[in-house]
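The chain contents come next:
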Amino acid sequence: MFTLDVNRDLKLELINTRFAPIYLDIVTRDQEYLSQWLVWPPHAHDEAFFLSFIKKSLHDYAEGKSLVCGMIYQGQLVGSVSYNTINQSLKKVEIGYWLSSSHQGKGIVSQAVAKLIELAFTQFDMEKVQISAATENTPSRKVCERLGFTLEGVIRRAENLNGRIVDHAIYGLDRATWKIAN
């Protein structure tokens, strides 16, 4: 099983079926919060939703299309971080993440994303990491800025978030820029 130690308190673990009931608990508690920036939480009513997602994620991982990990903070599953897509022909990964509201502000996402960036450039031989965030999603945008990403542009009317149309800020980080900073 794929696991990656980020630091003493945080590790990333390849998504697996035992995460389903925990994800359901988190999303049930945080549905309103998560639905601000993610389209799927209003549809996550039972473990079957997450089991289906996990099955698809593991299939895509086996095919080299994505890598979805649970963020385990101090032994507790608190969210997810992933290469939503792995594009070998473009040598690019797109990162996504979500975190329970009770664990916000502890640097968990920044540390997890930094580890996935390192993995992308050192193990997966990627040339670019990209993150897309709703322009109003200040916490996600700050993660990108803190980690040295460049704002490459804004896509207007990029997503329908549960009845609210949002624009997306597209951030990119290339291997050469990352190497200079690290």
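Up top is the structure.
What counts and how
Residues numbered from 1 in each chain as written. Predicted model: local features only at pLDDT ≥ 70, side-chain atom pairs only at ≥ 80, totals over all residues. Heavy atoms only, no water. Helix = DSSP H or I, 4+ residues; strand = E, 2+ residues; numbered from the N terminus. Rg over C-alpha atoms; globule rule 2.2 N^0.38 Å. Buried < 20%, exposed > 50% of the residue type's maximum accessible area, 1.4 Å probe, protein only. Contact = heavy atoms within 4.5 Å. Areas by Shrake-Rupley, 256 points an atom, 1.4 Å probe, with all protein chains shown as cover. Lys, Arg positive; Asp, Glu negative; His and termini not counted. Charge placed at Lys NZ, Arg CZ, Asp CG, Glu CD. Arc of directions from axis to C-beta. Polar contact = N/O pair within 3.5 Å; in protein donor to acceptor, adjacent residues only side chain to side chain. Salt bridge = Lys/Arg side-chain N within 4 Å of Asp/Glu carboxyl O.

**Notes on the overall build of the chain**
Each helix and strand in the chain was counted, giving 5 helices and 8 strands. For the chain, the N- to C-terminal ordering of α and β elements is β-β-α-α-β-β-β-α-β-α-β-β-α. Against the 2.2 N^0.38 benchmark of 16 Å for 182 residues, the chain shows a C-alpha radius of gyration of 16 Å, consistent with a compact globule. In terms of overall dimensions, the chain has C-alpha extents of about 45 × 40 × 30 Å along its principal axes. Considering the chain as a whole, with its 182 residues, one finds that 46% of them fall into the buried category. Within the chain, residue pairs in contact and separated by at least 24 positions form 58% of the contacts whose partners lie at least 6 positions apart. Of the roughly 9500 Å² that the chain leaves accessible, carbon and sulfur atoms contribute 51%. Looking at the chain, you have 20 positive and 20 negative side-chain charges, and the mean spots of the two groups are 3 Å apart.

**A look at helix α4 (residues 138–146)**
What α4 keeps buried is the set S140, R141, V143 and C144. All buried residues of α4 lie within an arc of 150 degrees about the axis, which places them on one face of the element. Packing partners of the buried residues in α4 comprise β5 (92–99), α3 (108–122), β6 (128–134), β7 (150–161) and β8 (164–174). Just beyond α4, the residue with positive phi is G148, at close to 90 degrees.

**Looking at unusual backbone geometry**
Unlike most non-glycine residues, Q74 shows phi in positive territory, near 50 degrees. With respect to the helices and strands, Q74 occurs in the loop between β3 (67–73) and β4 (76–87). In the Ramachandran plot, K91 falls in the positive-phi region, its phi being about 55 degrees despite a non-glycine side chain. Secondary-structure assignment places K91 in the loop between β4 and β5.

**Notes on the environment of L51**
Secondary-structure assignment places L51 in helix α2 (residues 47–62). Relative accessible area serves as the criterion here: at 34%, L51 is assigned to the partly exposed category. Taking the C-alpha atoms as reference, L51 lies 23 Å from V109; in sequence the two are 58 residues apart. Excluding residues within four positions of it along the chain, L51 makes contact with T17 and A20.

**Quick word on the side chain of E13**
Following the sequence through the fold, E13 ends up in strand β2 (residues 10–14). Overall, E13 belongs to the buried group, its relative accessible area being 4%. Looking at E13, its side chain comes within polar contact range of the side chain of R18, at 2.3 Å. Apart from the residues within four sequence positions on either side, E13 is in contact with M1, F2, T3, R18, F19, V68, C69, G70 and I72.

**Quick word on the pattern of salt bridges**
Under the definition given, this model contains 12 salt bridges. Between E136 and R164 there is a salt bridge, and its shortest N-O distance comes to 3.2 Å. A residue pair is termed long-range when its members are at least 10 positions apart, and E136 in the loop between β6 and α4 and R164 in strand β8 qualify at 28 residues. Residue R164 is classed as partly exposed on the basis of its relative accessible area of 30%. A salt bridge links R156 to D167, with the shortest nitrogen-to-oxygen separation between them at 3.2 Å. In this pair, R156 is assigned in strand β7 and D167 in strand β8, connecting sequence segments 11 residues apart.

Treat this as a map of the structure, not an account of what it does.
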